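# Descriptive structure summary
The primary structure of each chain is shown beneath.
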Amino acid sequence: MTTPLLDPSRLEARRILAVAPHPDDEALGCGAVMWHLGRLGRTIHVAFVTDGGASHPNSPTWPRTRLAAAREAEGAEALAALGLGEVGRTFMRLRDADMPAEGTPDHIAALEAAGSVVRDVRPDLVLLPWRRDPHRDHRDAWSLFRRALNQAGLQPLTLEYAIWLDEIGAPGDHPKPGEMERVSFAVGGALAPKRRAVAAHRTQTEPLIHDDPTAFRLTEATIDRLVGPVESYWRPLS
Ligand SMILES: [Zn+2]
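This section reports on the structure supplied with the text.

## Observations regarding the side chain of Thr50
Looking at the secondary structure, you find Thr50 in strand S3 (residues 43-50). Under the relative-accessibility criterion, Thr50 is labelled buried at 2%. Engagement of the side chain of Thr50 in a polar contact is seen with the backbone nitrogen of Gly52, the distance being 3.4 Å.

This is how it looks when you write it as structure tokens:
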């Protein structure tokens, strides 16, 4: 089923919070909408939830701390590529692929950190990862911010971007009937900046780190699937 393409500039939101489970999701998932809203002078804040330090777990030359620092710098570079070099951002630095479990002190601290972000930003639009993305950090980041918004008593419009759903999602990961509505935006002039923003994540897109055969790398196919003329989201129906 095709849905009509919307112009992101017609979103009325004034204060936008984008939640990126890892540095690169902000570009892949919602780079185009942020580019358009940034050009309109809207207030944008990006929360990078995990440190991204688990993509090359066996690299002797890129231990976790070095990789996490590089990924933060890449996140900042990606925002600059989207014309968002000056926007607020929070690096929450939770452990990539190992976010704290519910009920643990670390989870309580993470929820407090997310609460602090939402209370500061007071968003009227939140760009969230898809609630049942096959990547666990994406689901955990959705839960964390969904709960933080509830606790803060905020009810912004939420749009959820899927990163891995169409590639590796199980049938139950997809929206259920009546649960969500597809919202698709025309990328337009954001295409080239979005592509540059994705490319800024060199640790994920280039064979920069070559001493870990188990390393994660974004494939051209994944990038092409997510960086095109349309940027799609799911909007909850209730
Ligand atoms: Zn991710």
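From this point, the narrative continues.
## A closer look at the environment of Ala152
Turning to its location among the elements, Ala152 is positioned in helix H4 (residues 136-152). Sequence spacing of Ala152 and Thr203 is 51 residues, and the spatial spacing of their C-alpha atoms is 36 Å. Each residue touching Ala152, except ones within four places of it in the same chain, is listed here: Val118 and Arg119.

## Notes on the packing of helix H1 (residues 25-39) against helix H6 (residues 191-199)
Following both chains from N to C, one finds H1 and H6 inclined at 140°, their axes separated by 9 Å at the closest point. Two packed elements cross with a definite hand, and for H1 against H6 that hand is right-handed. Touching Ala27, Leu28, Ala32 and Trp35 of H1 are Pro193, Lys194, Ala197 and Val198, all from H6. Tallied by class, the residues present in the contact of H1 with H6 amount to 7 nonpolar, no polar and 1 charged.

## Overview of the packing of aromatic side chains
Inspection of every chain in the model, using the stated rule, returns 4 aromatic pairs. Ring centres of Trp130 and Trp234 lie 6.3 Å apart, and the angle between their planes is 45°; on these two criteria the pair is classed as tilted. Of this pair, Trp130 sits in the loop between strand S5 (125-129) and H4 while Trp234 sits in strand S8 (residues 230-236), placing them 104 residues apart in sequence. When sorted by exposure, Trp130 lands in the same class as Trp234, which is buried.

What counts, and where the lines are drawn
Residues numbered from 1 in each chain as written. Predicted model: local features only at pLDDT ≥ 70, side-chain atom pairs only at ≥ 80, totals over all residues. Heavy atoms only, no water. Helix = DSSP H or I, 4+ residues; strand = E, 2+ residues; numbered from the N terminus. Buried < 20%, exposed > 50% of the residue type's maximum accessible area, 1.4 Å probe, protein only. Polar contact = N/O pair within 3.5 Å; in protein donor to acceptor, adjacent residues only side chain to side chain. Contact = heavy atoms within 4.5 Å. Axes fitted to C-alpha atoms, helices over the stretch in contact; angles between N-to-C directions. Left-handed = near helix turned anticlockwise from the far one by under 90°. Nonpolar A, V, L, I, M, F, W, Y, C, P; charged D, E, K, R; others polar. Phe/Tyr/Trp six-rings, centres within 6.5 Å; stacked < 30°, edge-to-face > 60°.

These results come straight from atomic positions and should not be treated as a statement about function.
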